[in-house]
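Here are the chains, one letter per residue:
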Amino acid sequence: MVGLCLGNGVTEPEQLDDYRARTAADGTTQRPPVESPSVRMIAIPTTLSAGEFSAGAGCTDTVRHVKEATVIR
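Bear in mind that the values here come from a model prediction, so they are computed numbers and not experimental data.

What should I look at first to understand the overall build of the chain in this one?
Looking only at helices and strands, the chain has one helix and four strands in total. Ordered by position from N to C terminus, the α and β elements of the chain give α-β-β-β-β. A total of 73 residues make up the chain; the buried ones form 10% of that total. Partitioning the contacts of the chain with sequence separation of at least 6, the portion at a separation of at least 24 is 37%.

Sorry if this is basic, but what is going on with the side chain of Asp61 here?
Assignment of secondary structure puts Asp61 in strand β3 (residues 56-61). Looking at Asp61, the relative accessible area reads 15%, which means it is buried. In this structure the side chain of Asp61 is engaged in a polar contact, spanning 2.9 Å, whose partner is the side chain of Arg64. Ignoring anything within four residues of it in the chain, the contact list for Asp61 reads Asp17 and Val66.

Where do I start with a nonpolar patch on the surface in this structure?
Together, Val2, Leu6 and Val39 make up an exposed nonpolar region whose accessible area comes to about 290 Å². The exposure class of Val2 is exposed, given its relative accessible area of 58%.

Quick question: what am I supposed to make of the pattern of salt bridges here?
Close approach of charged atoms allows side chains of opposite charge to pair. Throughout the structure, instances matching the rule amount to one salt bridge. Of the charged contacts in the structure, one is a salt bridge between Asp61 and Arg64, with a shortest N-O distance of 2.9 Å.

Just checking my understanding: could you explain unusual backbone geometry for this structure?
Trans peptide bonds make up most of the peptide bonds, and negative phi angles are found at most residues other than glycine. The backbone phi angle of His65 is positive, close to 60°, even though this residue is not glycine. Locating His65 in the fold gives a position in the loop between β3 and β4 (66-71). The exposure class assigned to His65 is exposed, which follows from its relative accessible area of 66%.

Before we go on, may I ask you to explain the side chain of Asn8 in this structure?
Within the fold, Asn8 resides in helix α1 (residues 2-8). Taking the relative accessible area as the measure of exposure, Asn8 reaches 17% and is therefore buried. Here the side chain of Asn8 touches Glu35 through a polar contact of 2.9 Å, landing on its backbone nitrogen. In this structure Asn8 touches Tyr19, Val34 and Glu35, once residues within four positions along its chain are discounted.

Scoring rules and cut-offs
Residues numbered from 1 in each chain as written. Predicted model: local features only at pLDDT ≥ 70, side-chain atom pairs only at ≥ 80, totals over all residues. Heavy atoms only, no water. Helix = DSSP H or I, 4+ residues; strand = E, 2+ residues; numbered from the N terminus. Buried < 20%, exposed > 50% of the residue type's maximum accessible area, 1.4 Å probe, protein only. Contact = heavy atoms within 4.5 Å. Polar contact = N/O pair within 3.5 Å; in protein donor to acceptor, adjacent residues only side chain to side chain. Patch = residues over 30% accessible without salt bridge, like charges linked within 9 Å, V, L, I, M, F, W, Y side chains within 5 Å. Areas by Shrake-Rupley, 256 points an atom, 1.4 Å probe, with all protein chains shown as cover. Salt bridge = Lys/Arg side-chain N within 4 Å of Asp/Glu carboxyl O.

Rendered as structure tokens:
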């Protein structure tokens, strides 16, 4: 999520709404385009969560009280 924020100028939690996946009327998932972060990251997982095998990230929307995920390609 830090990479998404850095690469896309997100500085306030409310701005993350612009990057939420949406479900279209036909049931397909539409994801907004995102820019790659300019800063590289090395992650060292500390638990067995398979996070090291995923391009996804998650965060909790504290207003709506839901956890959401995103995929950075």
